[in-house]
Amino acid sequence: MKVVLQNLTKKFPSRGRKAGGDVTAVKDFTFEIPDGKLVGLLGPSGCGKSTTLFMICGLQKPTAGQIFFGDYEVTELAPEKRGVGMVFQNYALYPHLTVKQNIIFPLQNLKGKDRLSKAQMEEKAYEAARLVQIEDLMDRKPGELSGGQQQRVAIARAMVKMPKLLLLDEPLSNLDARLRLQTREEIKKIQRETEITTVFVTHDQEEAMSISDRIVVMKEGVMQQAGEPQEVYDSPVNLFVAKFLGTPPINVFQGKVKQGGLYIGNARVLEVKRLPDQEVVVGIRPEGFVLDANGPLECGLSGVEVMGRDISVVSVNDFSLNPTIRSIIDAESKVDTACGAVRFSLKPNKVLLFDKNSEERIY
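All figures in this text were calculated on a predicted structure; none of them were measured in a lab.

(A) Quick peek at the layout of surface pockets. Put simply, the largest pocket is a space of about 840 Å³. What lines the largest pocket is a set of 25 residues, and nearest its centre among them are Glu80, Val84, Gly85, Pro106 and Lys161. Going through the elements one at a time, strand 6 (84–87), helix 2 (99–108) and helix 4 (147–159) are the ones with two or more residues in the lining of the largest pocket. The residue makeup of the lining of the largest pocket, split by class, is 15 nonpolar, three polar and seven charged.

Written out as structure tokens, the structure reads:
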């Protein structure tokens, strides 16, 4: 099912008397979620991504704008009539019920022609449990399960009615690193098998990029950029998006364009023939550095971190806007740690320029 959000705005009344006015959590948000795709809403805490999710499922009513499921407007429709499955960060399982009873619970509220027999409900519960591989835990209670198992129960409960739309609000936040990796792979697998349109909210950019068909980057309630994860990473529209995506984060420098060359300090690091002379902010992805004894960019060497297949060279530069510069190079490269400096040449496609004042991308 396709979901269309048109000019969605959500305002909350200000709680502080001195502040006055309303607080805008989401501002003029317009986006189409394609049928059968997994879309990640991504941004820092307080950017409005969860509020957007709650408006889609009906838990919060928009101040302005419209929501369409397919061609049908649901802006005023009650949450229970939207056919949406929801998974929360804190699992929200009933502690006194078994896993099977927790999964069956949404089916017990079906009425009229949708009402199911006990046998049908059990069949659907086991079908959902098999999907997330917990069919052998059906007689346990939530307190007897690990965090990852509880999360799977929550997903099974959301999936049991085979919703038209599945909404996941930071579902992996409470899991350890290894379990997060495993669970996010399972979520993507389930989504592909069922082809249920899914919206996944997270502040973890690695998480969003790894499982989403498309990502939407938000800041202070405003959509900054939307697109396929690799496309947004390679071609961010502004400095905020460039800094938010990537691990390690992008390295940022003060720079200038002068007579067809890009300068960081006095070093002419690249040729940029078509740009007029101006001061710029230079972003260089960690993988954009090439160890080169004759390279134009010289940095003070702070250390080398071995990461197995790669090496992270940690360095400093007077014109860097980051405390340290992190450069990812091949593990076979040799860094002379006895030397106090390291030199780099740069990969042009990994160097991004931004306007010094607006922070918008310069192409």
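(B) Structural detail: the packing of helix 2 against helix 4. The contact between helix 2 and helix 4 brings their axes to 7 Å, and the two run at 30 degrees. On the basis of the axis angle, helix 2 is roughly parallel to helix 4. The chirality of how helix 2 crosses helix 4 is right-handed. Seen from helix 2, the contacting residues are Val99, Asn102, Ile103 and Pro106; seen from helix 4, they are Val153, Ala156 and Arg157. Grouping the amino acids of the contact of helix 2 with helix 4 by side-chain chemistry returns five nonpolar, one polar and one charged.

(C) Here's a closer look at the sheet that holds strand 6. Across the sheet, which stays open at both edges, the six strands sit in the order 6-7-8-3-9-10 with mixed pairing between neighbours. Taken across any chain shown, the strands that pair with only one partner, and hence form the sheet edges, are strand 6 and strand 10 (222–227). Direction aside, the axes of adjacent strands within the sheet are offset by 15 degrees on average. Here strand 9 (residues 214–219) pairs with strand 10 via five bridges, running antiparallel.

(D) Layout of empty space enclosed by the protein. A complete count under the given rule lists one cavity of 30 Å³ or more for this structure. Estimates place the volume of the largest cavity at around 30 Å³. Taken together, Tyr233, Asp234, Arg285, Asn349, Lys350 and Leu352 make up the lining of the largest cavity.

(E) Representation of the packing of helix 2 against helix 3 (residues 118–131) within the structure. Their axes nearest at 9 Å, the elements helix 2 and helix 3 cross at an angle of 125 degrees. In this view, helix 2 runs oblique relative to helix 3, as classed from their interaxial angle. Where helix 2 crosses over helix 3, the two elements pack in a sense that is right-handed. Here Lys100, Ile103, Ile104, Leu107 and Gln108 of helix 2 lie close against helix 3, whose contacting residues are Met121, Glu122, Lys124, Ala125, Tyr126, Ala128 and Ala129. Each residue belonging to the contact of helix 2 with helix 3 can be placed in one class, and the counts come to eight nonpolar, one polar and three charged.

(F) Spatial organisation of the sheet that holds strand 1 (residues 3–13). Sheet architecture is open: four strands sit in the order 2-1-4-5, paired in antiparallel fashion. With partners counted over all chains shown, the strands left at the sheet margins are strand 2 (22–33) and strand 5 (72–73), one partner each. Sheet topology places strand 1 next to strand 2; eight bridges connect them, and they run antiparallel. When the sheet's bridge partners are listed, Lys11 is paired in strand 2 with Thr24.

(G) Seen up close, the pattern of salt bridges. One pass over the structure, following the stated rule, counts 14 salt bridges. Here Asp213 ties to Lys188 by a salt bridge, and the two come within 3.1 Å at their closest N and O atoms. Of the two residues, Asp213 sits in the loop between helix 6 (205–211) and strand 9 while Lys188 sits in helix 5 (residues 177–194), which places them 25 residues apart along the sequence. Put simply, Asp234, Glu287 and Lys350 are held in one network by salt bridges that share partners.

Procedures and definitions
- Residues numbered from 1 in each chain as written.
- Predicted model: local features only at pLDDT ≥ 70, side-chain atom pairs only at ≥ 80, totals over all residues.
- Heavy atoms only, no water.
- 1 Å grid on protein atoms, 1.4 Å probe; cavity = no way out; pocket = protein on both sides within 12 Å on 5 of 7 lines; lining within 4 Å.
- Points joined across faces, edges and corners; volume = space filled by probe spheres on them.
- Helix = DSSP H or I, 4+ residues; strand = E, 2+ residues; numbered from the N terminus.
- Nonpolar A, V, L, I, M, F, W, Y, C, P; charged D, E, K, R; others polar.
- Axes fitted to C-alpha atoms, helices over the stretch in contact; angles between N-to-C directions.
- Parallel < 35°, antiparallel > 145°, perpendicular 65-115°, else oblique.
- Left-handed = near helix turned anticlockwise from the far one by under 90°.
- Contact = heavy atoms within 4.5 Å.
- Pairing = 2+ DSSP bridges.
- Salt bridge = Lys/Arg side-chain N within 4 Å of Asp/Glu carboxyl O.

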